[in-house]
Amino acid sequence: MPLNSMTGFARVEGASGAARWHWELRSVNGKGLDARFRLPSGLDRLDARLRAELARQLRRGNCQITLTMDRAAEASPLRVNREALRVVVDAVGELRRTMETAPPRPEGILALKGVLENAEDIEETDEERAAFEEALVSSFAEAVTALARARADEGAKLEAVLRNQIGLIEKLTADAAACPAATPEALKARLMAQVNELLGASPALSEDRLAQEVSMLATKADIREELDRLMAHVAQARDLLESEEPVGRRFDFLTQEFNREANTLCSKAADVSLTRIGLDLKTVIDQFREQIQNVE
């Protein structure tokens, strides 16, 4: 399943009888799936069906949905009653077969009562209303599909950015591991210097207390655990990119873990070069966090 963005736009037109309309759907990032509908008066009854269709195809995002109606009957309120016209034409044909008479003029036929009707006065049948609503919902489903496709296109671009950033996090983690200040020899030398400084400041320390202090100093100086966790998070991030499910929320949690390890790395860094790597790492992770805010 490709990575999906929560940003997208779609416009779909539809028609049923004399009615014409178009749907416009816009979505941006959001914690859940939130939809705001702008429907013409009288169509609020479709709200539940439309929301169900939206939830069937999308998982997250703030969606603005507008339905614009353009009824042909509103522009031309008169319409021809086809059944009445057929009866009149049949009657005229029968009359001309029985007696000699001039053919009727079209405006004369249209002037007959019942041939032209005011569309506003014609009551819509239950069948016509149901067909109209089905056509509306069907075209809305088409619009949601188009929106999902637009979000998938944005997601493909977003995935390329995320893969690059994950690669940078992996590289910086490897750089930190290879930093001279992080080697066992450097850690040992720094630890010995701290122990000597501690003994010089408090020569009367007991062996147990000295052991505790040495253990604390060693824990504060050793960054191998943080580096191991960072590499594990990198592997997990790549697994999420291959997931068949929406992964935005899981990426958000993983970014918090990335940040925690980077902060600890910076706090433990006792060398300028290692501090620089830690700060670069935090920068990339922050950029990564901004990007995943838009992942569904």
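See above for the structure.
The rules behind these values
- Residues numbered from 1 in each chain as written.
- Predicted model: local features only at pLDDT ≥ 70, side-chain atom pairs only at ≥ 80, totals over all residues.
- Heavy atoms only, no water.
- 1 Å grid on protein atoms, 1.4 Å probe; cavity = no way out; pocket = protein on both sides within 12 Å on 5 of 7 lines; lining within 4 Å.
- Points joined across faces, edges and corners; volume = space filled by probe spheres on them.
- Nonpolar A, V, L, I, M, F, W, Y, C, P; charged D, E, K, R; others polar.
- Pairing = 2+ DSSP bridges.
- Helix = DSSP H or I, 4+ residues; strand = E, 2+ residues; numbered from the N terminus.
- Axes fitted to C-alpha atoms, helices over the stretch in contact; angles between N-to-C directions.
- Contact = heavy atoms within 4.5 Å.
- Expected span 1.5 Å × (residues − 1).
- Buried < 20%, exposed > 50% of the residue type's maximum accessible area, 1.4 Å probe, protein only.
- Arc of directions from axis to C-beta.

J.: It is not clear to me how empty space enclosed by the protein should be interpreted in this structure. Could you clarify?
T.: A water-sized probe, rolled over the atoms, reveals where empty space remains. In the structure shown here, the tally under the stated rule is one cavity of 30 Å³ or more. For the largest cavity, the lining is made up of 12 residues, of which Pro2, Leu3, Asn4, Glu245 and Val247 are closest to its centre. Here the residues of the lining of the largest cavity are counted per class, giving eight nonpolar, two polar and two charged.

J.: Help me understand the sheet that holds strand β2 (residues 19–28) in this model?
T.: Each strand in a sheet pairs with its neighbour through backbone hydrogen bonds, running either in the same direction (parallel) or in the opposite one (antiparallel). What the four strands build is an open sheet, ordered β1-β2-β4-β3; its pairing is mixed. Looking at which strands have only one partner, the edges of the open sheet turn out to be β1 (8–16) and β3 (33–38). Across the sheet, the axes of successive neighbouring strands diverge by a mean angle of 15°, strand direction being ignored. Sheet analysis places β1 next to β2, joined by nine bridges and oriented antiparallel. Among the inter-strand pairings, Ala10 is bridged to a residue of β2, identified as Leu25. Relative to the sheet, helix α1 (residues 47–57) contacts β2, β3 and β4 (61–69), its axis offset from that of β3 by approximately 140°. Here helix α5 (residues 126–178) sits on the sheet and contacts β1, β2, β3 and β4; the angle it forms with β1, its principal contact strand, is near 160°.

J.: Any chance you could explain helix α8 (residues 224–241) here in plain terms?
T.: Structural remark: α-helix, 3.6 residues per turn; residues separated by three or four positions point the same way. An ideal rise of 1.5 Å per residue puts 26 Å on 18 residues; α8 measures up with 26 Å between its terminal C-alpha atoms. Every buried residue of α8 is accounted for by Glu226, Leu227, Leu230, His233, Val234, Ala237, Leu240 and Leu241. All buried residues of α8 project into a common sector of 135° when viewed along the axis, lining one side. Away from the buried face of α8 by more than 90 degrees, exposed residues Arg224, Asp228 and Asp239 are located. Lining the buried residues of α8 we find α5, α9 (248–268) and α10 (272–292).

As far as function goes, none of this settles anything; it's purely spatial.
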